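Single-letter residue listing:
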Number of protein chains: 2
Amino acid sequence: MHAPPIERLIEQFERLPGIGRKTAERLAFHILNAPHDQAAEMADAIVQAKEQIHFCAVCRNLTDQPVCDICSDAKRDGAIICVVETPKDVAAMERMHEYKGSYHVLHGSLSPMDGVGPDELTIGALLQRVQRSAPSEVIMATNPNIQGEATAMYLCRLLKPLGLKVTRIAHGVPVGGDLEYADEVTLMRAMEGRREM
Amino acid sequence: MHAPPIERLIEQFERLPGIGRKTAERLAFHILNAPHDQAAEMADAIVQAKEQIHFCAVCRNLTDQPVCDICSDAKRDGAIICVVETPKDVAAMERMHEYKGSYHVLHGSLSPMDGVGPDELTIGALLQRVQRSAPSEVIMATNPNIQGEATAMYLCRLLKPLGLKVTRIAHGVPVGGDLEYADEVTLMRAMEGRREM
């Protein structure tokens, strides 16, 4: 019904998570109505982000530097490693302005049903990192849902035999929810109440 | 907090209508996690749509042809012109698979408060078109809200003196709503019940 380039643009928006047909149409027509500069900037931002962003050599968070801003910050305590599922979780933790340690980003959680095993996550990199740096504490801040808990338990069983202190954030974060949507106070409670596993 | 290319991508998504900060983050990280091909396709779809899409020489709908598919379709009745506000409204009308006339897309509605007067719409093109082709009927299918009604009234006052039959779609479409979100049956009722202005 739409001209092919419009249809193609709508389909591209529809591939994004949480974007249905109606919303995709609305976004596509917004682009078509927007000044050429704005559309070009958007296309460029997509290309540039994909080109410039890669994993931090230390924590595997997304960065445009060889080592991310947090890992290269001398004021941060690299001896404490907070293990999270996604870069969005790092952003959520940073928003509370309380945590001064470092992170490790798994890029997912164990989910055998979806074919996500240990090799699909950055668990090997985490093991190498803790064996090299012998951190004083590894905090499991995976999501408080089934996959997140299973991932925390799995990592705990790998890390404890290495003589490491492994803790889990408290269930201040609502069970079944996503860490990403927790507010700063809830996250702070969760961090304060963390207990050894 | 995010690396600059990520922040820039998030900001670009935030400029889209109805997309807040959280959703923009979600979309940006989806792009960053997606295969390079998919991101490149999306950027390309934006650029190509902006490059290839322009106004149909007849009805002012968006098209990648000199004249759009509807205006160049010999099976459609060019002597009936359905005046709508946006290309999305054309798509909504076409979804009912009942209307076999042509369209005229105004690209907005009269809204003096927002600085949208007759010159900001494609009203001049509509007048030239009806003077050239003398259509048998001009159907006002602008939105059933204040601006849409005012636009229909304004156009009626311009077109009736030219001896044209001007009709308004019936208020089957919910008053205060957007034509774009009307279902096929409601649109059909609205078309069937159209009356002369």
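Here is what the cut-offs are and how they apply
- Residues numbered from 1 in each chain as written.
- Chains lettered and ligands numbered in written order.
- Predicted model: local features only at pLDDT ≥ 70, side-chain atom pairs only at ≥ 80, totals over all residues.
- Heavy atoms only, no water.
- 1 Å grid on protein atoms, 1.4 Å probe; cavity = no way out; pocket = protein on both sides within 12 Å on 5 of 7 lines; lining within 4 Å.
- Points joined across faces, edges and corners; volume = space filled by probe spheres on them.
- Helix = DSSP H or I, 4+ residues; strand = E, 2+ residues; numbered from the N terminus.
- Nonpolar A, V, L, I, M, F, W, Y, C, P; charged D, E, K, R; others polar.
- Domains from an automatic or database assignment.

Draft legend 1. Seen up close, empty space enclosed by the protein. Applying the stated criterion across every chain, the model contains 1 cavity of 30 Å³ or more. Estimated volume of the largest cavity: approximately 170 Å³. If you trace the largest cavity, you find 18 residues lining it, with Met 1, His 2 and Ala 3 of chain A together with Asn 61 and Leu 62 of chain B closest to the centre. Going through the elements one at a time, helix H1 (4–14) of chain A together with strand E2 (62–63) and helix H4 (87–94) of chain B are the ones with two or more residues in the lining of the largest cavity. Take the lining of the largest cavity: its biggest share by element is 4 residues, from H4 of chain B. Classifying every residue of the lining of the largest cavity gives 11 nonpolar, 4 polar and 3 charged.

Draft legend 2. Summary view of the domain arrangement of chain A. Here chain A is described as being made up of domain 1 (4–52) and domain 2 (62–170). Taken over C-alpha atoms, the centre of domain 1 of chain A sits 33 Å from the centre of domain 2 of chain A.

Draft legend 3. Up close: the layout of surface pockets. In this structure, the second largest pocket encloses a volume near 290 Å³. Taken together, 20 residues form the lining of the second largest pocket, with Asn 61, Asp 69 and Ile 70 of chain A together with Met 1 and His 2 of chain B sitting closest to its centre. Put simply, the parts of the chain that give the lining of the second largest pocket at least two residues each are strand E2 (62–63) and helix H4 (87–94) of chain A together with helix H1 (4–14) of chain B. Considering each element in turn, the lining of the second largest pocket owes the most residues, 4 residues, to H4 of chain A. Tallied by class, residues from the lining of the second largest pocket come to 11 nonpolar, 4 polar and 5 charged.

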